[in-house]
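Chain by chain, the residues run as shown.
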Amino acid sequence: MTQVVPFPTTSNTPSKGPSQIAFDRQELSAILNVYGQMVSKGDWKDYAMDFLRDKAVFSVYRRASEHPLYRIEKVPALRNKQGQFSVIAPGGLVLKRGHELTTVLKVFDKARFRSV
């Protein structure tokens, strides 16, 4: 005799967060704006986006075969603490962290800034 197992419905399951974190349209536009400026200078050549369960990552590369030069991360779990946006250097050093993405991306606007 077979046992019938009811299929779980969305109304019975508790509401969880999203299955993956992503950048919204405005955030992605701001990131791609900075990316375009750096490409036009010849500093950056490629990028990758990763949408994970706990964070979204935009990585920039000088060449596709290398390690990322910088990572721009969105971690919503840090929204009420240190800020959900951060720019991370190759060694894991956090260059800037904050609540507003446009403020965090200003780390690339500095005149003394130059790719490693």
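Reference entry: report on the structure contained in this document. This structure is a prediction, so every number in the text was calculated from the model and none was measured. (Residues numbered from 1 in each chain as written. Predicted model: local features only at pLDDT ≥ 70, side-chain atom pairs only at ≥ 80, totals over all residues. Heavy atoms only, no water.)

### Concerning the overall build of the protein chain
Piece 1. Tallying secondary structure elements over the protein chain gives two helices and five strands in all.
Piece 2. Mapped from its N terminus to its C terminus, the protein chain presents α and β elements in the order α-β-β-β-β-β-α.
Piece 3. Counting only contacts in the protein chain whose residues sit at least 6 apart along the sequence, the fraction spanning at least 24 positions is 34%.
Piece 4. Of the accessible surface of the protein chain, which amounts to about 8300 Å², a share of 52% is contributed by carbon and sulfur atoms. (Helix = DSSP H or I, 4+ residues; strand = E, 2+ residues; numbered from the N terminus. Contact = heavy atoms within 4.5 Å. Areas by Shrake-Rupley, 256 points an atom, 1.4 Å probe, with all protein chains shown as cover.)

### Here's the deal with the pairing of strand E4 (residues 85–88)
Piece 1. Side chains of E4 alternate between two faces, with Phe85 and Val87 and Ser86 and Ile88 buried alike.
Piece 2. One ladder, built from four bridges, connects strand E3 (residues 70–74) with E4; its direction is antiparallel. When the sheet's bridge partners are listed, Ile72 is paired in E4 with Val87.
Piece 3. For E4 and strand E5 (residues 94–98), the ladder comprises four bridges, and the chain directions are antiparallel. Following the sheet pairing, Phe85 is matched in E5 by Gly98. (Buried < 20%, exposed > 50% of the residue type's maximum accessible area, 1.4 Å probe, protein only. Pairing = 2+ DSSP bridges.)

### Some words on the sheet that holds E3
Sheet strands pair by backbone hydrogen bonding; their relative direction is either parallel or antiparallel.
Piece 1. Ordered in space as E1-E2-E3-E4-E5, the five strands form an open sheet in which the pairing is antiparallel. Every other strand in the sheet has two partners, leaving strand E1 (46–51) and E5 as the edge strands with one partner each. Between one strand axis and the next, the sheet turns by 15° as a mean value, whatever way the strands run.
Piece 2. Packed onto the sheet, helix H1 (residues 25–41) meets E1, strand E2 (56–61), E3 and E4 and runs at close to 10° relative to E2. (Axes fitted to C-alpha atoms, helices over the stretch in contact; angles between N-to-C directions.)

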